[in-house]
Amino acid sequence: MNAMFPLDPGPEQMREMGEAALAYMIGFLQGQEDAPASGEGGGLEAARAFREAPPEVGGDFEPLMEMIRVAAAKAYGTTGPGYLAFIPGGGLFAATLADFLATGINRFVNLWEAAPVVAQVENNVVRWLCDLFGYPAESRGVLTSGGSMANFSAIITARRALLPDNFLSGTLYVSEQVHASVTKAASLAGFPPRSVRVVPCTSELRMDAEWLRQMVRDDRAAGRGPFLIVASAGTTNTGAVDPIAEAADVAAEEDLWLHVDAAYGGFFQLTERGRARFAGIERADSITLDPHKGMFLPYGTGSLVVRDGVRLREAHYAGAHYLQDLAGEAEIPNFSEYSAELSRDFRGLRVWFPLKLHGVSAFRDALDEKLDLARVLYEGLREVPQLELPWEPELTIVPFRMRGGDDEGSKRLLERINASARVFLSSTIVEGRFTIRACILSHRTHRDRIDECIEIVQRAAAEVAG
Ligand SMILES: *Cc1c(COP(=O)(O)O)cnc(C)c1O
């Protein structure tokens, strides 16, 4: 290290460290095919071995790479082809490079004049997201850290647009299958639990639009203030898609805001099948999307798009004297005026690099492949006599469980499946029953792994039943 200014390494040292990091990364990615999907065990013990305060005097780079190796190995194998738990993301190499370069140049993205090209690139991403849903020119959007923050900003925006300052009688409508981040966001936005009305679902686990309509009318008659419907374009439990067009009808009849939480499913809009399932989504007032799910990007990449951008700005704008040197919004938005954040990372590059390098068609093809794989898995598991599959996959989540409501059996089944280390699945509770779910959303998951998954489940189910 530079003896005088150790925080500024010289070119040789930078090259050495950078090459070590790159070599590690290439090896890591090449090892994905064979890495255990469940990760190596012993994660907590490993974590304890790394419990330490920072040293007073610095050391070498090499041991840091060892830490990364252990950190990745002693963890769920989120990047691998067998990872079908929760909602997989993957992590594209182009995004890894984008992050390296974005943090390296470290330009300020949230006020356009500070770095116009940087802000323009991010705006390209936002415009593309708006266009994907047929939003008009006055639509706006922001890149967030994830779907939770996007849902939070959406609820704040709807609240500001439709409710008075004293908003406590405001009432919002979600389905039984809504993601917890929506209820959390409502609470953070100041709404007491009674403000969140839970609409029953149909047997397909979609919000029942007739119930919704009736509840809104009853609530209004009872003096409550209905203002917001949150529909899901792909629930996290089973991938069910709420009837978006019907929810949009209710919203139009009753002057409500329609927000669609498409954090999991949104990018299937790129595919023909997805567009058909999401019919009416272009009528939503706002949409949450998670590029770190459906675009296979690293965690920390979410987004919110709002049809009437003025509404988003009204809910988030706050001026400041110390920012007076910077220009106001012009042909490029000041994203900070549309977001809860001021300083933040240049997320847009992480989305833009892969889009430029691979093209939109590569994403469309990959998502179509995932839809096909979900069908393959569904058909394959339907052949397993010990299983029941109560819901056909609308997108890429395949729920299943042991026949006859055997929760204990289903738990043992999941343990056995995951013990294979070739695939890793997670569970949930649907209609009071322990339910295993396989979610296919990694760009690294292909037919071979799904065939293997079917065999693994088949064997495990026979063992559990036998
Ligand atoms: C993942 C998910 C969220 C939360 O998004 P984060 O990016 O994890 O914050 C919200 N809604 C749905 C439907 C999701 O699948």
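For the structure, check the block above.
Residues numbered from 1 in each chain as written. Predicted model: local features only at pLDDT ≥ 70, side-chain atom pairs only at ≥ 80, totals over all residues. Heavy atoms only, no water.

Colleague: Sorry if this is basic, but what is going on with the sheet that holds strand β10 (residues 426-430) here?
Modeller: Strands in a sheet are paired, the pairing made by backbone hydrogen bonds, and the direction either parallel or antiparallel. Strand order in the open sheet made by the four strands is β8-β9-β11-β10, with antiparallel pairing throughout. With partners counted over all chains shown, the strands left at the sheet margins are β8 (387-388) and β10, one partner each. Bridging between strand β9 (residues 397-402) and strand β11 (residues 433-439) involves four bridges; their strand directions are antiparallel. Across the sheet, residue Val398 finds its bridge partner in β11, namely Ala438. Across the sheet, helix α14 (residues 360-382) touches β8, β9 and β11, and the angle it forms with β9 is around 15°. Relative to β11, helix α15 (residues 407-419) is tilted by about 30°, and along the sheet it contacts β8, β9, β10 and β11. (Pairing = 2+ DSSP bridges. Helix = DSSP H or I, 4+ residues; strand = E, 2+ residues; numbered from the N terminus. Contact = heavy atoms within 4.5 Å. Axes fitted to C-alpha atoms, helices over the stretch in contact; angles between N-to-C directions.)

Colleague: Mind showing me how you'd approach the sheet that holds strand β7 (residues 302-306) here?
Modeller: Taken together, seven strands build an open sheet; the order of strands is β1-β7-β6-β5-β4-β2-β3 and the sheet is mixed. Of all the strands in the sheet, the pair left with one neighbour each is β1 (140-144) and β3 (196-199). Adjacent strand axes in the sheet meet at a mean angle of 20°, parallel and antiparallel pairs treated alike. Of the pairings in the sheet, the one linking strand β2 (residues 170-175) to strand β4 (residues 225-232) comprises four bridges and is parallel in character.

Colleague: Is there a simple way to think about the pattern of salt bridges in this case?
Modeller: When the charged atoms of two side chains lie near each other, side chains of opposite charge can form a pair. Inspection of the entire model under this criterion finds 38 salt bridges. A network of salt bridges, in which partner residues are shared, links Glu210, Arg213, Arg217, Arg220, Glu253 and Glu254. (Salt bridge = Lys/Arg side-chain N within 4 Å of Asp/Glu carboxyl O.)

Colleague: Could you clarify how one ought to interpret a negative patch on the surface in this entry?
Modeller: Taken together, the side chains of Glu12, Glu16, Glu19, Asp60 and Glu62 make up a negatively charged region of the molecular surface. Take the negative patch: its biggest share by element is three residues, from helix α1 (residues 11-30). In this structure, Glu12 sits in helix α1. (Patch = residues over 30% accessible without salt bridge, like charges linked within 9 Å, V, L, I, M, F, W, Y side chains within 5 Å. Areas by Shrake-Rupley, 256 points an atom, 1.4 Å probe, with all protein chains shown as cover. Lys, Arg positive; Asp, Glu negative; His and termini not counted. Charge placed at Lys NZ, Arg CZ, Asp CG, Glu CD.)

Colleague: It is not clear to me how the site of the ligand should be interpreted in this structure. Could you clarify?
Modeller: Near the ligand you find 15 residues, and of these Gly147, Ser148, Asp261, Asp290 and Lys293 are the closest. Here an oxygen atom of the ligand and a backbone polar atom of Gly147 are 2.7 Å apart. Note that a nitrogen atom of the ligand is positioned 2.6 Å from one of the side-chain N or O atoms of Asp261. Across the complex, the protein chains shield 85% of the 380 Å² of accessible surface that the ligand would expose by itself. For the shell around the ligand, the elements supplying multiple residues, two or more each, are α6 (147-162) and α11 (291-294). Considering each element in turn, the shell around the ligand owes the most residues, three residues, to α6. Of the residues assigned to the shell around the ligand, the class counts are three nonpolar, nine polar and three charged. (Near = heavy atom within 4 Å. Polar contact = N/O pair within 3.5 Å; in protein donor to acceptor, adjacent residues only side chain to side chain. Nonpolar A, V, L, I, M, F, W, Y, C, P; charged D, E, K, R; others polar.)

Colleague: Help me out: how do you make sense of the packing of aromatic side chains in this one?
Modeller: How two aromatic rings sit relative to each other is given by the distance of their centres and the angle of their planes. Under the counting rule described, the total for this entry stands at nine aromatic pairs. When the ring of Phe167 is compared with that of Phe191, the centres are 5.0 Å apart and the planes differ by 55°; the resulting orientation is tilted. Separated by 24 residues along the polypeptide, Phe167 in the loop between α6 and β2 and Phe191 in the loop between α7 (180-188) and β3 bring together distant segments of the chain. A relative accessible area of 4% places Phe191 in the buried class. Ring centres of Phe296 and Phe363 lie 6.2 Å apart, and the angle between their planes is 5°; on these two criteria the pair is classed as stacked. (Phe/Tyr/Trp six-rings, centres within 6.5 Å; stacked < 30°, edge-to-face > 60°. Buried < 20%, exposed > 50% of the residue type's maximum accessible area, 1.4 Å probe, protein only.)

Colleague: Teacher, can you tell me more about the side chain of Thr396 here?
Modeller: The residue Thr396 is located in the loop between β8 and β9 in this model. Among the residues examined, Thr396 registers a relative accessible area of 0% and is labelled buried. A distance of 2.6 Å separates the side chain of Thr396 from the side chain of Tyr264, its partner in a polar contact. Separated by 2.9 Å, the side chain of Thr396 and the backbone oxygen of Ile440 make a polar contact.

Colleague: Is there a simple way to explain the pairing of β7 in this structure?
Modeller: Two faces belong to every sheet, and in a regular strand the side chains alternate between them. Among the five residues of β7, five are classified as buried, and the element is accordingly described as predominantly covered. Of the two faces of β7, both are covered, the one formed by Gly302, Leu304 and Val306 as well as the one formed by Ser303 and Val305. Bridge analysis of β1 against β7 gives five bridges, and the strand direction is antiparallel. Opposite Thr144, over in β7, you have Gly302 as the bridge partner. With four bridges connecting them, strand β6 (residues 286-289) and β7 associate as antiparallel partners. Across the sheet, residue Leu289 finds its bridge partner in β7, namely Ser303.

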